[in-house]
Amino acid sequence: MQPPTHIAISSIVDQAAKSIGLPLNLKGVILGGLAPDIDWLFVPFLPRNFIHRTVFHSLLWVVTVALIGRKKYGGLSIALGGIAHLAADELNSCDSRRQHWPRQRWFFPYGITKPPFKRCLVDVGFIRGTRLRRDIIIELPIIAFALWLAWRNKK
């Protein structure tokens, strides 16, 4: 998924939590929602297949970021944003034909040498087509829903 979609998902998580009485820090949820994709900074130096969806797409990384930012942004806020990121990527953002495994390593480093044991919605044929088509089908509605929720709650 693209960063705007992860921000939108973080906003939805924040609003859902507030609706059940769990006050979260929106900046913390967004930080947690974007933190797993910090691995893109390393792509010029290491092969993408080696770095993406490994240590930074794990619960270990989510907890680490939550502990580092807990005083300023709230550890629970960051953790929920990070978990939402992992869950969203698990369902959508994969394409094994390009060796982009659908299963990030939630429990990294455990199982790092094992191949993924399931496919995501894209690879099983639930959503077919180019990446742009999948982005339009999946990501635009998520962003639109988040914007609608934000607009509705400002009234």
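The rules we used
- Residues numbered from 1 in each chain as written.
- Predicted model: local features only at pLDDT ≥ 70, side-chain atom pairs only at ≥ 80, totals over all residues.
- Heavy atoms only, no water.
- Phe/Tyr/Trp six-rings, centres within 6.5 Å; stacked < 30°, edge-to-face > 60°.
- Buried < 20%, exposed > 50% of the residue type's maximum accessible area, 1.4 Å probe, protein only.
- Helix = DSSP H or I, 4+ residues; strand = E, 2+ residues; numbered from the N terminus.
- Axes fitted to C-alpha atoms, helices over the stretch in contact; angles between N-to-C directions.
- Parallel < 35°, antiparallel > 145°, perpendicular 65-115°, else oblique.
- Left-handed = near helix turned anticlockwise from the far one by under 90°.
- Contact = heavy atoms within 4.5 Å.
- Nonpolar A, V, L, I, M, F, W, Y, C, P; charged D, E, K, R; others polar.

### Comments concerning the packing of aromatic side chains
- One pass over the full model with this rule turns up 2 aromatic pairs.
- Summarising the aromatic geometry, the rings of F56 and W61 are spaced 4.8 Å apart at their centres and angled 90 degrees between planes, so their arrangement reads as edge-to-face.
- You can call F56 buried: its relative accessible area is 11%.
- Between F145 and W148, the ring centres sit 6.0 Å apart and the planes meet at 25 degrees, which makes this aromatic pair stacked. Placement of the pair is F145 and W148 together in helix α6 (residues 131-154), with a separation of 3 residues, close to one helical turn.
- With relative accessibility at 40%, the residue F145 sits in the partly exposed group.

### Some details on the packing of helix α2 (residues 26-34) against helix α5 (residues 75-91)
- Two elements in contact, α2 and α5, have axes whose closest approach is 6 Å; the angle formed by their N-to-C orientations is 40 degrees. With respect to each other, α2 and α5 are oriented oblique. Where α2 crosses over α5, the two elements pack in a sense that is right-handed. Along the contact surface, α2 presents G28, V29, L31, G32 and G33, while α5 presents S77, I78, G81, G82 and H85.
- Residues belonging to the contact of α2 with α5 are distributed by class as follows: 3 nonpolar, 7 polar and no charged.

Coordinates in, geometry out; function isn't part of it.
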